[in-house]
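A look at the structure
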Amino acid sequence: MSESRLDIIVDDELAEDFTPPENIAAAVQAACSVAGFQNEPMLCIRFAGDAEVRELNSQWRGLDCVTDVLSFPMQDDGDAIDPNQSLGDIALALPFVQQEAGRLGLPQADHILHLIVHATLHLLDYDHIDDEEAAQMQQLERQAMQQLGLHDPYPELSQ
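Residues numbered from 1 in each chain as written. Predicted model: local features only at pLDDT ≥ 70, side-chain atom pairs only at ≥ 80, totals over all residues. Heavy atoms only, no water.

As a further point, take the packing of helix H5 (residues 108–123) against helix H6 (residues 131–147). Packing of H5 against H6 brings their axes to within 10 Å, and their N-to-C directions diverge by 135°. On the basis of their axis angle, the class for H5 and H6 is oblique. Like other packed secondary-structure pairs, H5 and H6 cross with a definite hand, here right-handed. Between H5 and H6, the residues in contact are Asp 110, His 114, Val 117, His 118, Leu 121 and His 122 and Met 137, Leu 140, Glu 141, Ala 144 and Met 145, respectively. Looking at the contact of H5 with H6 residue by residue, the class counts come to six nonpolar, three polar and two charged. (Axes fitted to C-alpha atoms, helices over the stretch in contact; angles between N-to-C directions. Helix = DSSP H or I, 4+ residues; strand = E, 2+ residues; numbered from the N terminus. Parallel < 35°, antiparallel > 145°, perpendicular 65-115°, else oblique. Left-handed = near helix turned anticlockwise from the far one by under 90°. Contact = heavy atoms within 4.5 Å. Nonpolar A, V, L, I, M, F, W, Y, C, P; charged D, E, K, R; others polar.)

As structure tokens, then:
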């Protein structure tokens, strides 16, 4: 994937102590592949501070709290996705994500890649509002993570 199709931004206050995982492009491509989107996707991923993501969450979702990842689709729901247009933007609250990875006992890079897979599926018009949608999206996430050789993000589904 060329850099012009995938922009990765690390906010200045985080840049000194954080290097994004090397295989972000592979995570995006794995999510696209399992969703049946075979084109080279165009999108932007931003690693931001908790306060910035809290502000975005408040502004766009009406929730005044920090969350691990937000996705901002650029294409209309229900329309065929145009590979010549950006899928959208992803924002990760890096300190929150790092703490979450520790709480879950996961390597930070692996947890970040799972969240990127999750958010990329949102950009491709998948959601988890109801149980049926959630089951479909979780199955796609599991397939993408397996392609990447990473952990099963929903091991309880195997039981």
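After that view, the rundown keeps rolling.
Right, let's get into the sheet that holds strand E1 (residues 6–10). Read from one edge to the other, the open sheet built from four strands follows the order E1-E2-E4-E3, with strand pairing classed as mixed. With one partner strand each, in any of the chains shown, E1 and strand E3 (69–73) form the two edges of the open sheet. Mean inter-strand twist for the sheet, computed between neighbouring axes without regard to direction, equals 15°. As judged from the five bridges shared by E3 and strand E4 (residues 88–93), these two strands associate in the antiparallel manner. By the bridge assignment for E4, Pro 73 is matched with Gly 88. Across the face of the sheet, helix H3 (residues 50–61) comes into contact with strand E2 (43–48), E3 and E4 while running at roughly 45° to E3. (Pairing = 2+ DSSP bridges.)

With that out of the way, let us pick up the environment of Gln 29. Within the element layout of this structure, Gln 29 appears in helix H2 (residues 24–34). Taking the C-alpha atoms as reference points, Gln 29 and Met 145, separated by 116 residues in sequence, lie 11 Å from one another.

Moving on to unusual backbone geometry. With a phi close to 80°, Asp 125 is a non-glycine residue in the positive phi region. With respect to the helices and strands, the residue Asp 125 is situated in the loop between H5 and H6.

Attention now goes to the environment of Pro 21. With respect to the helices and strands, the residue Pro 21 is situated in the loop between helix H1 (12–15) and H2. We classify Pro 21 as buried; its relative accessible area is 11%. Considered as a pair, Pro 21 and Ala 109 are 88 residues apart in the sequence and their alpha carbons are 5.6 Å apart. Excluding its chain neighbours within four sequence positions, the residues that come into contact with Pro 21 are Phe 47, Ala 109, Ile 112 and Leu 113. (Buried < 20%, exposed > 50% of the residue type's maximum accessible area, 1.4 Å probe, protein only.)

If you look at the biggest cluster of nonpolar residues, it comprises 35 residues, and the most contacted ones within it are Ile 45, Phe 47, Leu 92 and Ile 116. For this core, the secondary structure elements donating two or more residues are E1, H2, E2, E4, helix H4 (94–104), H5 and H6. If sequence neighbours within four positions are ignored, Leu 92 has contacts with Ile 45, Arg 46, Phe 47, Ala 48, Val 53, Asp 68, Val 69, Val 97, Ile 112, Leu 115 and Ile 116. Ranked by size, the runner-up nonpolar core spans seven residues in total, among them Ala 48, Val 53, Leu 70 and Phe 72. (Core = buried A, V, L, I, M, F, W, Y, C linked by side-chain atoms within 4.5 Å.)

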